[in-house]
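Listed here are the chains, written in short residue letters.
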Amino acid sequence: MSMKFLSSLQSLPPKDRQRLLALALVLLALILWTWQISPALQTLRDMPAQLAQLQDQTQQLKLMQAQAQALQKSPRVQAKDARTLLQKVATENLDNGARLNIEGSRATLTISRVSAESLAQFLALARTQAQALPIEAQLQKFTDAGATKTNTPTDLWRGTLILSLPGV
């Protein structure tokens, strides 16, 4: 098969052989570009953004590691103290938008009309001060158009959150 191809190639006029060779070179260049060079150049272009993203993730992981180590080193809170601290944190951060019910080692927080910032602050303080961990959440986000004086809609949360208390 290859002998027939070579003999037919040799029988072509020199101009046709040059054109065929040029076409083969263009085809080879196109194949190399498509499967080798273009993906490598795309990877090279994307590398700075990927490195920045990885550095951000690394910083977040280091921050979470430091928080975890601080929590591990903090002294264990007694059950009675945890209840008192959780009640205090709920009262200070959630105002009248929440009701806390503590039974045994579980605390059920029922919220209505609580902002995301207040809820996040409550959860952070509940974890660090009372060492209470959320184990179940059924929350709904809703928009309250009349909540602010500027008449801009405000996103609020309602629902229940169950927390596990330490040391019972």
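The coordinates are above.
Presented here is a report on the structure given in the accompanying data block. The residue numbering used here restarts from 1 in each chain and proceeds along that chain's sequence as written. A pLDDT threshold of at least 70 governs which residues receive local features in this predicted model, and a stricter bar of 80 or more applies before side-chain atom pairs are shown or counted, although totals over entire chains, interfaces and linings include all residues. Calculation of side-chain values draws on the structure's entire complement of heavy atoms; hydrogens and water are dropped beforehand.

What follows deals with the side chain of asparagine 93. One can find asparagine 93 in helix 3 (residues 79-94). Asparagine 93 gets classed as buried once you look at its relative accessible area, which sits at 12%. There is a polar contact of 2.9 Å between the side chain of asparagine 93 and the backbone oxygen of valine 89. Between two residues, a contact is recorded if the distance between any of their heavy atoms is within 4.5 Å. Each residue touching asparagine 93, except ones within four places of it in the same chain, is listed here: Ser118, Gln121, Phe122 and Leu125. Each helix corresponds to a stretch of at least 4 residues labelled H or I by DSSP, and each strand to a stretch of at least 2 residues labelled E; elements are numbered beginning at the N terminus. Accessibility here uses a 1.4 Å probe with only protein chains present; expressed as a share of the type maximum, an area under 20% marks a residue as buried, one over 50% as exposed, and anything in between as partly exposed. Within 3.5 Å is the distance limit for a polar contact, defined as a pair of N or O atoms, with the added protein rule that one can donate a hydrogen and the other accept it, and that residues adjacent in sequence qualify only through two side-chain atoms.

Below, the discussion takes up the nonpolar core. General note: in soluble globular proteins, nonpolar side chains tend to be found buried as a group. Counting 17 residues, the largest nonpolar core has Leu86, Leu109, Phe122, Ala132 and Leu163 as the members making the most contacts within it. Elements represented by at least two residues in this core include exactly helix 3, strand 2 (106-115), helix 4 (116-128) and strand 4 (154-164). For this analysis, a nonpolar core means a set of buried residues of the types Ala, Val, Leu, Ile, Met, Phe, Trp, Tyr and Cys, connected via side-chain atoms within 4.5 Å.

Attention now moves to the packing of helix 3 against helix 4. Between N-to-C directions, angles cover 0 to 180 degrees, with each direction set by a line fitted to C-alpha atoms, over the stretch in contact for helices. Between helix 3 and helix 4, whose axes approach to 9 Å, the crossing angle comes to 160°. Looking at the two axes, helix 3 sits roughly antiparallel to helix 4. Of the two elements, helix 3 crosses helix 4, and the hand of that crossing is right-handed. Here helix 3 contributes Leu86, Val89, Ala90, Asn93 and Leu94 to the contact with helix 4, which in turn contributes Ser118, Leu119, Gln121, Phe122, Leu125 and Ala126. Of the residues in the contact of helix 3 with helix 4, the class split is eight nonpolar, three polar and no charged. Any angle that is under 35 degrees is reported as roughly parallel, and any over 145 degrees as roughly antiparallel; angles of 65 to 115 degrees are reported as roughly perpendicular and all others as oblique. Crossing chirality is assigned from the near helix's rotation relative to the far helix, an anticlockwise turn below a right angle marking it left-handed and a clockwise turn marking it right-handed. Note on residue categories: nonpolar means Ala, Val, Leu, Ile, Met, Phe, Trp, Tyr, Cys or Pro, charged means Asp, Glu, Lys or Arg, and polar means any other residue, Gly included.

Ordered by their spatial adjacency, four strands build an open sheet running 1-2-4-3, and the pairing between neighbours is antiparallel. Whereas interior strands pair on both sides, the edge strands pair on one side only; in this sheet they are strand 1 (98-103) and strand 3 (133-144). The mean inter-strand angle of the sheet, taken between neighbouring strand axes irrespective of direction, is 5°. Note: two strands are recorded as paired if DSSP finds a minimum of 2 bridges between them. Summarising the sheet, strand 1 and strand 2 pair through six bridges and their orientation is antiparallel. Within strand 2, the position partnered with asparagine 101 by the bridge is threonine 108. Strands in contact with helix 3 are strand 1, strand 2 and strand 4; relative to strand 1, the strand with the most contacts, it is inclined by about 170°. Packed onto the sheet, helix 4 meets strand 2, strand 3 and strand 4 and runs at close to 155° relative to strand 2.

Turning next to the pattern of salt bridges. Just to be clear on terms, a salt bridge is a Lys or Arg side-chain nitrogen sitting within 4 Å of an Asp or Glu carboxyl oxygen. A full pass over the atoms with the stated rule returns two salt bridges. The partner of aspartate 16 in a salt bridge is arginine 19, with the nearest N and O atoms 3.7 Å apart. Residue aspartate 16 and its partner arginine 19 are located together in helix 2 (residues 14-73), separated by three residues, close to a single helical turn. Using a relative accessible area of 55% as the deciding quantity, one classes arginine 19 as exposed. Residue lysine 141 pairs with aspartate 155 through a salt bridge whose shortest N-O separation is 3.7 Å. Remark: aspartate 155 occurs in strand 4 and lysine 141 occurs in strand 3; sequence separation between them is 14 residues.

With that out of the way, let us pick up unusual backbone geometry. Note: most peptide bonds trans; most residues except glycine with negative phi. In this structure, arginine 113 is a non-glycine residue whose phi angle is positive, near 60°. Although it is not a glycine, glutamine 131 sits at a positive phi angle of roughly 55°. Counting through the fold element by element, glutamine 131 comes out in the loop between helix 4 and strand 3.

On to helix 3. Compared with the 22 Å implied by 1.5 Å per residue over 16 residues, the 22 Å span of helix 3 between its first and last C-alpha is a close match. Those residues of helix 3 that sit buried are Ala79, Ala82, Leu86, Val89, Ala90, Asn93 and Leu94. One face of helix 3 carries all of its buried residues, which in axial projection span an arc of 100°. Within helix 3, the exposed residues directed more than 90 degrees away from the buried face are Lys80, Thr84 and Glu92. Positive phi appears at aspartate 95, one or two residues downstream of helix 3, with a value of about 50°. The length a helix should cover is 1.5 Å for every residue beyond the first. Think of the arc as the fan of directions from the helix axis to the C-beta atoms.

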